Amino acid sequence: MKVILSLFILLIVSLNLSAHNVVGGVYVNGADIEGEAGFSNGAMAKVGTLVKVFDQSGIPLGEVKTDDEGFFIFTAKKRITHVFEINMGAGHTLKMLLPADELPESLGEVIVTQPKTTVKHSENSRGLTLMQLEKAIAKQIKPLRREIRALKEKAGLRDIIGGIGYIFGLLGMVALLRERRLKRCAQSLKVNT
Amino acid sequence: MHIVDGALSAPVLVSGAVLAIVGVFIGLKKMDYDQLPLVGVLASVFFIASYIHLPLGFSSVHLIMNGLLGILLGWVAFPALLVALLLQVVFFGFGGLLVLGVNTLNIALPAVIVYYLCYRGVRHESAKVAAIWGAIGGASAIVLTSIMVAFSLALSGESFVLAAKAVLPAHIPIMVVEAFVSYAAVYLIHTVKPEFITKESI
C-alpha cells in the first residue's frame with residue numbers, strides 16, 4: 001500500500017499544484033464504466049494514475065490506470081455499486097460512486113435475466129440494441145457532462161462577495177455583542193456608585 | 001495547501017482539530033477588540049487570495065497570504081483563518097469540513113511562528129528593513145505551511161520525504177510571489193499606517 005502511494009507521489013513530483021480541487025466523474029457506456037479524474041483548473045490526472053475499484057463493502061474488484069487525458073475504462077462484471085478511488089498525490093484523493101442501477105440490466109447478477117432483456121429490447125428498438133443506444137447517448141452527452149462539471153466547480157463573483165459579506169457580518173456581530181457587554185458593565189457600575 | 005476530505009487518517013484529523021481549537025482559543029483571548037476591522041479585512045484578503053489564480057507557465061498558483069496575516073495579527077490569525085477557511089469550504093469547495101481543523105492549523109501555526117520570527121524585524125524604524133522582514137515572513141510562512149502539509153500527509157501513511165517532494169516544489173513560485181506581495185504590503189503599512197504594526201502587544 002505504502003509503496004503504491006509512494007509511486008503515485010513520484011509520478012506527480014514533476015509539477016503538481018496542490019491548490020486545486022479534484023474533480024472527476026464516472027458514467028456507464030454499455031458494460032464499460034468510463035471515468036475521468038483531474039483538477040478543477042482543467043488539468044487532468046497524470047498518465048498511469050492508479051484507479052482502484054471496490055464494491056460497496058470495500059472488496060477490491062480490480063485496478064485500472066488512467067491514460068494521458070485522465071480517462072479510464074473499467075469493465076463491469078456484475079451489476080453492483082462500484083466505488084472508484086483515485087489518489088493523485090499530495091492529498092488529492094477522489095472517491096466516486098457508480099450506483100448499480102445505472103449499469104445495464106443485462107449485467108444482472110443472475111445470469112438468467114440476460115437473454116430475456118436482450119430479446120425484449122432488440123424487438124423494440126428495430127435492430128438497435130439497448131447497449132448500442134446507451135453507447136450512442138453516452139457519447140452525445142459527454143461534452144455536456146464535462147461542461148456541467150466545470151460549471152459546478154466555478155465559483156462566481158457572487159460567492160466572493162457573499163463570503164466577504166459573511167466575514168464582515170460575523171465580525172460586526174462580535175463587535176455588537178462586545179458593545180452590549182461593555183454597556184451593561186458601564187450601567188452596573190453606575191448603579192453601584 | 002488545502003488538503004481535501006478523505007486524504008488524512010482519523011487520528012490526524014482529530015489532533016489537528018484539537019490543536020486548531022486551542023489556537024483559536026488563544027487567539028480569541030489575545031484579541032484586541034479595537035482591531036476587529038483589521039481582522040475582518042485580513043480574513044477577507046485571505047478568503048479572496050486563494051481564489052485568484054495567477055497563471056504561471058502552464059499551471060497556476062494562488063496566494064496564501066498567511067505570512068502577512070501572521071505579521072499583523074499574531075495569534076488572532078487562528079480565528080481569522082478559521083472563519084475564512086470555513087467560508088472557502090462553503091463557497092468554493094476548497095478543502096472540506098472534516099479537514100478544516102488540520103487546514104487551519106497548517107496555515108495559522110506558520111502565521112504565528114512568523115509573527116514571533118519577524119516581531120522585531122517589522123518594527124524596525126526604516127520602512128525598507130521592515131519590508132524585507134515582511135518578505136522573509138511571507139516566504140517562510142509558505143515554507144512552513146508546505147512542510148506542515150507534507151507532515152500531515154506523512155502522518156496519514158505517505159512517506160514524508162516523498163510527500164514533501166510533492167508539496168514543496170509546487171509552492172516555490174508561490175513563495176516568491178508571496179515574498180514580493182508581503183514586502184509591498186509591509187512597506188505600505190509601515191509608511192502609511194505604522195500603528196498597525198508597531199502596536200506593542202496584540
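Everything numeric in this text was worked out from a predicted model, so none of it was measured.

Draft legend 1. Spatial organisation of the overall build of chain B. Scanning chain B for helices and strands turns up eight helices and two strands. Secondary structure elements of chain B occur, N-terminal to C-terminal, as α-α-β-β-α-α-α-α-α-α. Across the 202 residues in chain B, those meeting the buried criterion constitute 55%. Sequence-distant contacts in chain B: of pairs separated by 6 or more residues, those separated by 24 or more amount to 75%.

Draft legend 2. How the structure looks around the overall build of chain A. Along chain A, the regular secondary structure elements total four helices and seven strands. Starting at the N terminus, the α and β elements of chain A follow one another as α-β-β-β-β-β-β-β-α-α-α. Across the 193 residues in chain A, those meeting the buried criterion constitute 24%. Put simply, 54% of the contacts in chain A that link residues at least 6 apart link residues at least 24 apart.

Draft legend 3. Focus on the sheet that holds strand β3 (residues 50–55) of chain A. All names here are of chain A. Taken together, the four strands give an open sheet; going across it, the order is β4-β3-β6-β7, and neighbouring strands pair in antiparallel fashion. The sheet is open, and its two borders are formed by β4 (60–65) and β7 (93–98), each paired with just one other strand. With strand direction ignored, the average angle separating the axes of adjacent strands in the sheet is 20°. Where β3 and β4 come together, five bridges link them in antiparallel fashion. Directly across from Leu50, in β4, lies its bridge partner Lys65.

Draft legend 4. Fine view of the nonpolar core. Within the largest apolar cluster, 77 residues are counted, with the highest numbers of intra-cluster contacts made by Leu69, Ala77, Ala80, Leu81 and Ala84 of chain B. Breaking this core down by element, the ones donating at least two residues are α4 (157–192) of chain A together with α1 (10–30), α2 (36–49), α3 (66–73), α4 (77–92), α5 (100–117), α6 (127–155) and α7 (160–192) of chain B. Counting 16 residues, the second-largest nonpolar core is a separate cluster that includes Ile33, Phe74, Val83 and Phe84 of chain A.

Draft legend 5. Representation of the confidence of the model for chain B. The predicted model of chain B has a mean per-residue pLDDT of 83, with 92% of residues at 70 or higher. Per the prediction output, this complex has pTM 0.65; the corresponding ipTM is 0.71.

Draft legend 6. A look at α5 of chain B. A rise of 1.5 Å per residue sets the reference length of α5 of chain B, with its 18 residues, at 26 Å; its end C-alpha atoms lie 26 Å apart and thus fit the reference within 8%. Within α5 of chain B, 16 of the 18 residues are buried, leaving the element largely enclosed by the surrounding structure.

Draft legend 7. Summary view of the confidence of the model for chain A. Overall, the prediction assigns chain A a mean pLDDT of 70, with 69% of residues at 70 or greater. For the stretch residues 110–123 of chain A, pLDDT sits under 50, and the model shows eleven contacts to residues farther than four places along the chain or on other chains.

Draft legend 8. Examining the environment of Phe84 of chain A more closely. Residue and element names in this part refer to chain A. In this fold, Phe84 is placed in strand β6 (residues 82–87). For Phe84, a count of 23 C-beta atoms within 10 Å puts it in the buried group. Expressed as a C-alpha distance, the spacing of Phe84 and Val64, which sit 20 residues apart in the sequence, is 9.9 Å. Not counting chain neighbours up to four residues away, the residues in contact with Phe84 comprise Val26, Gly35, Val51, Val53 and Met96.

Draft legend 9. Layout of the pairing of strand β2 (residues 32–39) of chain A. All names here are of chain A. With respect to burial, β2 is a largely interior element, six of its eight residues being buried. Relative to strand β5 (residues 71–75), β2 runs antiparallel, the two being bridged by five bridges. Along β5, the bridge assignment pairs Gly35 with Phe72.

Draft legend 10. The arrangement of the packing of α1 of chain B against α5 of chain B in detail. Residues and elements named next belong to chain B. Relative to each other, α1 and α5 sit at 50°, their axes nearing to 7 Å. Judged by the angle between their axes, α1 and α5 are oblique. Where α1 crosses over α5, the handedness of that crossing is left-handed. Where α1 abuts α5, its residues Val12, Leu13, Gly16, Ala17, Leu19, Ala20 and Gly23 lie against Gly101, Val102, Thr104, Leu105, Ala108 and Leu109. Class assignment for the residues of the contact of α1 with α5 results in nine nonpolar, four polar and no charged.

Draft legend 11. Representation of the environment of Leu109 of chain B in the model. Residues and elements named next belong to chain B. Checked against the element boundaries, Leu109 lands in helix α5. Of the residues examined, Leu109 has 22 C-beta atoms within 10 Å and is grouped as buried. In this structure, the C-alpha to C-alpha distance between Leu109 and Met148, residues 39 residues apart in sequence, is 9.2 Å. Those residues in contact with Leu109 that sit more than four places away from it in its chain are Gly23 and Met148.

What counts and how
- Residues numbered from 1 in each chain as written.
- Chains lettered and ligands numbered in written order.
- Predicted model: local features only at pLDDT ≥ 70, side-chain atom pairs only at ≥ 80, totals over all residues.
- Helix = DSSP H or I, 4+ residues; strand = E, 2+ residues; numbered from the N terminus.
- Buried ≥ 20, exposed ≤ 12 C-beta atoms within 10 Å, placed from the backbone.
- Contact = placed C-beta atoms within 7 Å.
- Pairing = 2+ DSSP bridges.
- Axes fitted to C-alpha atoms, helices over the stretch in contact; angles between N-to-C directions.
- Core = buried A, V, L, I, M, F, W, Y, C linked by C-beta atoms within 7 Å.
- pLDDT = per-residue confidence, 0-100.
- Expected span 1.5 Å × (residues − 1).
- Parallel < 35°, antiparallel > 145°, perpendicular 65-115°, else oblique.
- Left-handed = near helix turned anticlockwise from the far one by under 90°.
- Nonpolar A, V, L, I, M, F, W, Y, C, P; charged D, E, K, R; others polar.

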